Amino acid sequence: MSPMLTHVARNVPAASAWAARAFARSLSCSSQLQAAAVQPKSKKTLAKNGVRNIVVVEGVRIPFLQSGTSYADLMPHDLARAALHVPRDVVDYIVYGTVIQEVKTSNVAREAALGAGFSDKTPAHTVTMACISSNQAMTTGVGMIAAGQCDVVVAGGVELMSDVPIRHSRKMRKTMLTLSRAKTLGQKLSLVAKIRPDYFAPELPAVAEFSTSETMGHSADRLAAAFAVSRLEQDEYAHRSHTLAKKAQDGGLLLDVVPFKVPG
(Lines give C-alpha, C1' and ligand atoms only; values in the text may rest on other atoms or scores of the structure.)
Protein backbone atom coordinates (compact mmCIF):
# COMPACT_ATOMS: atom_id res chain seq x y z
CA MET A 1 0.00 0.00 0.00
CA SER A 2 1.24 3.46 -0.81
CA PRO A 3 1.19 6.15 1.86
CA MET A 4 -1.81 8.31 2.51
CA LEU A 5 -1.77 11.44 4.62
CA THR A 6 -4.35 13.77 6.03
CA HIS A 7 -3.92 17.23 7.47
CA VAL A 8 -5.98 17.52 10.64
CA ALA A 9 -6.26 21.10 11.84
CA ARG A 10 -8.08 22.90 14.62
CA ASN A 11 -9.99 26.00 13.63
CA VAL A 12 -8.54 29.19 15.03
CA PRO A 13 -11.00 31.48 16.83
CA ALA A 14 -12.89 33.37 14.15
CA ALA A 15 -15.73 35.85 14.12
CA SER A 16 -17.06 34.62 10.80
CA ALA A 17 -17.29 31.53 8.66
CA TRP A 18 -15.16 33.33 6.06
CA ALA A 19 -12.22 33.53 8.45
CA ALA A 20 -12.48 29.83 9.24
CA ARG A 21 -12.56 28.97 5.55
CA ALA A 22 -9.57 31.19 4.89
CA PHE A 23 -7.61 29.25 7.51
CA ALA A 24 -8.46 25.98 5.81
CA ARG A 25 -7.49 27.46 2.45
CA SER A 26 -4.06 28.51 3.69
CA LEU A 27 -3.21 24.90 4.56
CA SER A 28 -4.46 23.34 1.33
CA CYS A 29 -1.89 22.16 -1.20
CA SER A 30 -4.05 21.45 -4.26
CA SER A 31 -6.36 23.97 -5.85
CA GLN A 32 -8.73 21.23 -7.00
CA LEU A 33 -9.55 20.34 -3.39
CA GLN A 34 -9.71 23.88 -2.10
CA ALA A 35 -13.25 24.42 -3.30
CA ALA A 36 -14.49 21.37 -1.40
CA ALA A 37 -12.52 22.29 1.69
CA VAL A 38 -13.68 25.89 1.98
CA GLN A 39 -17.40 25.50 1.27
CA PRO A 40 -19.23 23.84 4.17
CA LYS A 41 -22.53 22.31 3.14
CA SER A 42 -24.26 23.01 6.44
CA LYS A 43 -23.82 24.94 9.66
CA LYS A 44 -22.97 21.68 11.39
CA THR A 45 -19.42 22.01 10.09
CA LEU A 46 -18.91 25.45 11.66
CA ALA A 47 -17.31 26.11 15.03
CA LYS A 48 -19.49 26.09 18.14
CA ASN A 49 -18.91 28.17 21.23
CA GLY A 50 -16.64 26.38 23.67
CA VAL A 51 -16.04 23.43 21.32
CA ARG A 52 -12.94 22.97 19.19
CA ASN A 53 -13.94 22.36 15.58
CA ILE A 54 -11.40 19.83 14.24
CA VAL A 55 -11.45 19.44 10.47
CA VAL A 56 -9.75 17.34 7.82
CA VAL A 57 -8.20 19.87 5.45
CA GLU A 58 -6.92 17.60 2.68
CA GLY A 59 -5.77 14.10 1.80
CA VAL A 60 -3.16 13.03 -0.75
CA ARG A 61 -1.45 9.78 -1.67
CA ILE A 62 0.97 8.39 -4.20
CA PRO A 63 -0.28 5.66 -6.59
CA PHE A 64 -1.07 2.21 -5.22
CA LEU A 65 0.96 -0.48 -6.99
CA GLN A 66 1.13 -4.26 -6.87
CA SER A 67 3.89 -5.53 -4.61
CA GLY A 68 7.14 -6.52 -6.26
CA THR A 69 6.78 -4.02 -9.10
CA SER A 70 8.03 -0.44 -9.41
CA TYR A 71 8.38 0.15 -5.66
CA ALA A 72 10.33 -3.09 -5.05
CA ASP A 73 13.70 -1.41 -4.41
CA LEU A 74 12.36 1.29 -2.07
CA MET A 75 11.73 1.38 1.67
CA PRO A 76 8.49 2.39 3.45
CA HIS A 77 9.77 5.81 4.48
CA ASP A 78 10.64 6.54 0.83
CA LEU A 79 6.96 6.17 -0.06
CA ALA A 80 5.73 8.00 3.02
CA ARG A 81 7.90 11.07 2.53
CA ALA A 82 6.72 11.44 -1.07
CA ALA A 83 3.24 12.33 0.17
CA LEU A 84 4.39 14.90 2.72
CA HIS A 85 3.80 17.89 0.45
CA VAL A 86 2.61 20.22 3.20
CA PRO A 87 3.79 23.59 4.58
CA ARG A 88 6.43 22.50 7.09
CA ASP A 89 6.29 25.62 9.23
CA VAL A 90 2.65 25.12 10.29
CA VAL A 91 2.86 21.42 11.24
CA ASP A 92 3.08 20.71 14.97
CA TYR A 93 3.16 16.93 14.87
CA ILE A 94 3.28 13.96 12.45
CA VAL A 95 1.83 10.53 13.13
CA TYR A 96 1.74 7.56 10.74
CA GLY A 97 0.19 4.12 10.89
CA THR A 98 1.76 0.92 9.57
CA VAL A 99 1.20 -2.82 9.99
CA ILE A 100 4.36 -4.72 9.05
CA GLN A 101 7.22 -2.59 10.33
CA GLU A 102 10.62 -2.39 8.72
CA VAL A 103 13.06 -2.97 11.61
CA LYS A 104 15.54 -0.37 10.40
CA THR A 105 12.88 2.35 10.31
CA SER A 106 10.47 1.21 13.02
CA ASN A 107 9.36 4.82 13.63
CA VAL A 108 8.58 5.33 9.96
CA ALA A 109 6.79 8.64 10.62
CA ARG A 110 10.00 10.13 11.98
CA GLU A 111 12.14 8.84 9.10
CA ALA A 112 9.60 10.02 6.51
CA ALA A 113 9.45 13.48 8.08
CA LEU A 114 13.22 13.88 8.10
CA GLY A 115 13.41 12.57 4.54
CA ALA A 116 10.81 15.10 3.45
CA GLY A 117 12.83 17.96 4.90
CA PHE A 118 10.97 18.55 8.15
CA SER A 119 12.91 19.90 11.08
CA ASP A 120 14.22 17.40 13.62
CA LYS A 121 12.33 19.52 16.15
CA THR A 122 8.98 18.41 14.66
CA PRO A 123 7.85 15.40 16.74
CA ALA A 124 6.65 12.27 14.95
CA HIS A 125 5.60 8.81 16.02
CA THR A 126 4.16 5.63 14.49
CA VAL A 127 1.11 3.59 15.55
CA THR A 128 0.01 0.09 14.60
CA MET A 129 -3.47 -1.38 14.93
CA ALA A 130 -3.78 -3.92 12.10
CA CYS A 131 -5.63 -2.69 9.02
CA ILE A 132 -6.95 0.46 10.69
CA SER A 133 -3.51 1.74 11.65
CA SER A 134 -3.79 4.88 9.52
CA ASN A 135 -7.28 5.53 10.89
CA GLN A 136 -5.81 5.25 14.38
CA ALA A 137 -3.16 7.76 13.33
CA MET A 138 -5.95 10.18 12.38
CA THR A 139 -7.85 9.73 15.64
CA THR A 140 -4.59 10.17 17.54
CA GLY A 141 -4.08 13.49 15.74
CA VAL A 142 -7.64 14.55 16.49
CA GLY A 143 -7.12 13.72 20.17
CA MET A 144 -3.94 15.77 20.35
CA ILE A 145 -5.70 18.77 18.84
CA ALA A 146 -8.75 18.32 21.08
CA ALA A 147 -6.45 18.23 24.11
CA GLY A 148 -4.89 21.53 23.06
CA GLN A 149 -1.44 20.06 22.47
CA CYS A 150 -1.35 20.90 18.74
CA ASP A 151 -3.07 23.03 16.15
CA VAL A 152 -2.03 21.16 12.99
CA VAL A 153 -1.24 17.44 12.77
CA VAL A 154 -0.30 15.43 9.69
CA ALA A 155 -1.73 11.90 9.95
CA GLY A 156 -1.23 9.11 7.46
CA GLY A 157 -0.18 5.56 6.80
CA VAL A 158 2.25 3.51 4.73
CA GLU A 159 2.74 -0.14 3.85
CA LEU A 160 5.37 -1.73 1.59
CA MET A 161 4.69 -5.38 0.82
CA SER A 162 7.57 -5.66 -1.66
CA ASP A 163 10.18 -6.09 1.08
CA VAL A 164 8.63 -7.44 4.27
CA PRO A 165 11.11 -8.36 7.02
CA ILE A 166 11.97 -12.08 7.07
CA ARG A 167 13.80 -13.30 10.15
CA HIS A 168 16.12 -16.19 10.90
CA SER A 169 14.63 -18.90 13.08
CA ARG A 170 14.70 -18.24 16.81
CA LYS A 171 17.38 -20.92 17.26
CA MET A 172 19.63 -19.21 14.73
CA ARG A 173 19.01 -15.75 16.19
CA LYS A 174 19.89 -16.99 19.66
CA THR A 175 23.07 -18.61 18.36
CA MET A 176 24.14 -15.53 16.44
CA LEU A 177 23.58 -13.25 19.43
CA THR A 178 25.55 -15.59 21.68
CA LEU A 179 28.27 -15.81 19.03
CA SER A 180 28.65 -12.04 19.03
CA ARG A 181 29.50 -12.21 22.74
CA ALA A 182 31.96 -15.09 22.48
CA LYS A 183 35.47 -14.07 23.58
CA THR A 184 37.74 -16.81 22.30
CA LEU A 185 38.07 -18.69 19.04
CA GLY A 186 37.23 -21.92 20.87
CA GLN A 187 33.95 -20.51 22.16
CA LYS A 188 33.03 -19.33 18.68
CA LEU A 189 33.83 -22.67 17.06
CA SER A 190 31.83 -24.47 19.74
CA LEU A 191 28.75 -22.37 18.99
CA VAL A 192 29.12 -22.77 15.22
CA ALA A 193 29.33 -26.55 15.66
CA LYS A 194 25.88 -26.55 17.29
CA ILE A 195 24.18 -25.10 14.21
CA ARG A 196 21.86 -27.59 12.51
CA PRO A 197 20.16 -27.43 9.07
CA ASP A 198 16.75 -26.56 10.58
CA TYR A 199 18.31 -23.42 12.07
CA PHE A 200 18.27 -21.93 8.57
CA ALA A 201 14.49 -22.18 8.14
CA PRO A 202 13.22 -18.57 7.91
CA GLU A 203 10.31 -17.08 9.84
CA LEU A 204 7.86 -15.38 7.51
CA PRO A 205 5.55 -12.62 8.80
CA ALA A 206 2.09 -14.00 9.49
CA VAL A 207 -1.16 -12.34 8.46
CA ALA A 208 -2.85 -13.87 11.50
CA GLU A 209 -3.21 -12.11 14.85
CA PHE A 210 -0.58 -13.46 17.27
CA SER A 211 -2.68 -14.14 20.37
CA THR A 212 -5.69 -15.67 18.58
CA SER A 213 -4.27 -16.85 15.21
CA GLU A 214 -7.30 -15.14 13.70
CA THR A 215 -7.09 -13.48 10.29
CA MET A 216 -8.88 -10.29 9.28
CA GLY A 217 -11.34 -12.38 7.28
CA HIS A 218 -12.35 -14.27 10.41
CA SER A 219 -12.85 -11.01 12.30
CA ALA A 220 -14.95 -9.58 9.47
CA ASP A 221 -17.19 -12.66 9.40
CA ARG A 222 -17.77 -12.49 13.15
CA LEU A 223 -18.51 -8.77 12.96
CA ALA A 224 -20.98 -9.23 10.10
CA ALA A 225 -22.75 -12.00 12.02
CA ALA A 226 -22.91 -9.95 15.21
CA PHE A 227 -24.55 -7.02 13.40
CA ALA A 228 -26.64 -9.23 11.08
CA VAL A 229 -25.16 -7.75 7.90
CA SER A 230 -25.81 -10.05 4.95
CA ARG A 231 -23.37 -10.70 2.10
CA LEU A 232 -25.82 -9.02 -0.29
CA GLU A 233 -25.84 -5.85 1.82
CA GLN A 234 -22.05 -5.86 1.90
CA ASP A 235 -21.82 -6.24 -1.87
CA GLU A 236 -24.40 -3.51 -2.45
CA TYR A 237 -22.51 -1.15 -0.15
CA ALA A 238 -19.20 -1.93 -1.88
CA HIS A 239 -20.77 -1.40 -5.30
CA ARG A 240 -22.23 1.93 -4.16
CA SER A 241 -18.84 3.01 -2.79
CA HIS A 242 -16.99 2.24 -6.02
CA THR A 243 -19.73 3.87 -8.10
CA LEU A 244 -19.56 7.10 -6.10
CA ALA A 245 -15.75 7.08 -6.24
CA LYS A 246 -15.84 6.71 -10.03
CA LYS A 247 -18.39 9.51 -10.28
CA ALA A 248 -16.23 11.77 -8.12
CA GLN A 249 -13.16 10.98 -10.21
CA ASP A 250 -14.97 11.68 -13.48
CA GLY A 251 -16.28 14.94 -12.00
CA GLY A 252 -12.80 16.09 -11.00
CA LEU A 253 -13.61 15.94 -7.28
CA LEU A 254 -11.21 13.14 -6.34
CA LEU A 255 -7.86 14.44 -7.52
CA ASP A 256 -5.96 13.23 -4.47
CA VAL A 257 -3.18 11.30 -6.22
CA VAL A 258 0.20 13.02 -6.50
CA PRO A 259 2.84 11.83 -9.00
CA PHE A 260 5.80 9.86 -7.69
CA LYS A 261 9.00 9.34 -9.68
CA VAL A 262 10.74 6.08 -8.89
CA PRO A 263 14.53 6.53 -8.72
CA GLY A 264 16.15 5.21 -11.88
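Residues numbered from 1 in each chain as written. Predicted model: local features only at pLDDT ≥ 70, side-chain atom pairs only at ≥ 80, totals over all residues. Heavy atoms only, no water.

We count it as follows: UniProt positions are given in the numbering used here, feature names are shortened, and annotations may be inferred rather than shown by experiment.
In the annotation of an unreviewed UniProt entry, the entry for the protein chain reads Thiolase N-terminal domain-containing protein, and the organism field reads Buceros rhinoceros silvestris. Turning to the protein chain, the UniProt annotation filed under Sequence similarities (unreviewed entry) states: "Belongs to the thiolase-like superfamily. Thiolase family." Comment text from UniProt for the protein chain, heading Pathway (unreviewed entry), reads "Lipid metabolism; fatty acid beta-oxidation."

A short note on the overall build of the protein chain
Our working rule: Helix numbering and strand numbering both begin at the N terminus, where a helix is a DSSP run of H or I of at least 4 residues and a strand a DSSP run of E of at least 2. Exposure categories follow from relative accessible area, calculated using a 1.4 Å probe and restricted to protein chains: below 20% of the type maximum is buried, above 50% is exposed, and the middle band is partly exposed. Note on areas: Shrake-Rupley with a 1.4 Å probe; residue coverage comes only from the protein chains shown.
Helix and strand content of the protein chain: nine helices and five strands. Ordered by position in the sequence, the α and β elements of the protein chain form the string β-α-α-β-α-β-α-β-α-β-α-α-α-α. By the burial criterion, 30% of the 264 residues in the protein chain qualify as buried. On the protein chain, roughly 17,100 Å² of surface is accessible, and the fraction owed to carbon and sulfur atoms is 58%.

Points about the nonpolar core
Rules: Among buried residues, those of type Ala, Val, Leu, Ile, Met, Phe, Trp, Tyr and Cys that are joined through side-chain atoms within 4.5 Å constitute a nonpolar core.
Counting residues in each nonpolar core, the largest one holds 24 residues, and the members touching the most others are Leu 79, Leu 84, Ile 94, Tyr 96 and Phe 118. Taken together, the elements giving at least two residues each to this core come down to α3 (76-82), β3 (93-97) and α4 (108-115). Ranked by residue count, the leading element in this core is α4, at four residues. If you look at the next biggest cluster of nonpolar residues, it comprises nine residues, including Val 95, Val 127, Met 144 and Ile 145.

Some remarks on a nonpolar patch on the surface
Here is the rule: Note that patches include only residues with greater than 30% relative accessible area and no salt bridge, and the join distances are 9 Å for like charges and 5 Å for nonpolar side chains (Val, Leu, Ile, Met, Phe, Trp, Tyr). Take a side-chain nitrogen of Lys or Arg and a carboxyl oxygen of Asp or Glu: if they are within 4 Å of each other, that pair is a salt bridge.
On the surface, Leu 223, Phe 227 and Val 229 cluster together into a nonpolar patch covering about 310 Å² of accessible area. Note that Val 229 resides in the loop between α8 (216-226) and α9 (231-250).

Regarding unusual backbone geometry
Positive phi, normally seen in glycine, also occurs at Ser 213, with a value near 60°. By relative accessible area, Ser 213 is classed as exposed at 54%.

Comments concerning the packing of helix α6 (residues 170-181) against helix α7 (residues 185-193)
Going by this rule: Note on method: axes are straight lines fitted to C-alpha atoms, helices fitted across the in-contact stretch only, with angles between N-to-C directions ranging 0 to 180 degrees. In what follows, roughly perpendicular refers to angles from 65 to 115 degrees, roughly parallel to angles under 35, roughly antiparallel to angles over 145, and oblique to any angle outside these ranges. Contact criterion: two residues are considered in contact whenever any of their non-hydrogen atoms come within 4.5 Å of each other. Think of it as three bins: nonpolar holds Ala, Val, Leu, Ile, Met, Phe, Trp, Tyr, Cys and Pro, charged holds Asp, Glu, Lys and Arg, and polar takes everything else, Gly as well.
Where α6 meets α7, the closest approach of the two axes is 9 Å, and the angle between their N-to-C directions is 175°. Here α6 is positioned roughly antiparallel relative to α7, judged by the angle of their axes. Each of Thr 175, Thr 178 and Leu 179 in α6 lies in contact with α7, whose residues at this interface are Lys 188, Leu 191 and Val 192. Among the residues forming the contact of α6 with α7, the class breakdown is three nonpolar, two polar and one charged.

Quick look at α9
Cut-off, in case you're wondering: Helix span is expected to be 1.5 Å times the residue number reduced by one.
Relative to the 28 Å expected for 20 residues at 1.5 Å per residue, α9 spans 29 Å between its end C-alpha atoms, a close match to the ideal helical length. Gly 252 lies just past α9 and shows a positive phi near 75°.

Regarding the pairing of β3
Under the convention used in this document: Any two strands are treated as partners once DSSP identifies two or more bridges connecting them.
With five of five residues buried, β3 is to be regarded as a mostly interior element. Neither face of β3 is open: one carries Tyr 93, Val 95 and Gly 97, the other Ile 94 and Tyr 96, and all of them are buried. As paired elements, β3 and strand β5 (residues 152-157) share five bridges and run parallel to each other. Its bridge partner lying in β5, Ile 94 is registered against Val 154. For β3 and strand β4 (residues 124-127), the ladder comprises four bridges, and the chain directions are parallel. Bridge pairing in β4 links Gly 97 to Val 127.

A look at the pattern of salt bridges
Under the criterion given, the structure shown has eight salt bridges. Among the ionic pairs, Lys 171 bridges to Asp 198, the shortest N-O distance being 3.2 Å. Of this pair, Lys 171 sits in helix α6 while Asp 198 sits in the loop between α7 and α8, placing them 27 residues apart in sequence. Look at Asp 198 and you get partly exposed, because its relative accessible area is 42%. Close ionic contact of Lys 246 with Asp 250 constitutes a salt bridge, the shortest N to O distance being 2.8 Å.

Some words on the environment of Thr 122
Take Thr 122: it is sitting in the loop between α4 and β4. Given a relative accessible area of 8%, Thr 122 falls into the buried group. Separated by 34 residues in the primary sequence, Thr 122 and Arg 88 have C-alpha atoms spaced 9.0 Å apart. Sequence-distant contacts of Thr 122, that is, excluding residues within four places in its chain, are made with Val 91, Asp 92, Tyr 93, Ile 94 and Arg 110.

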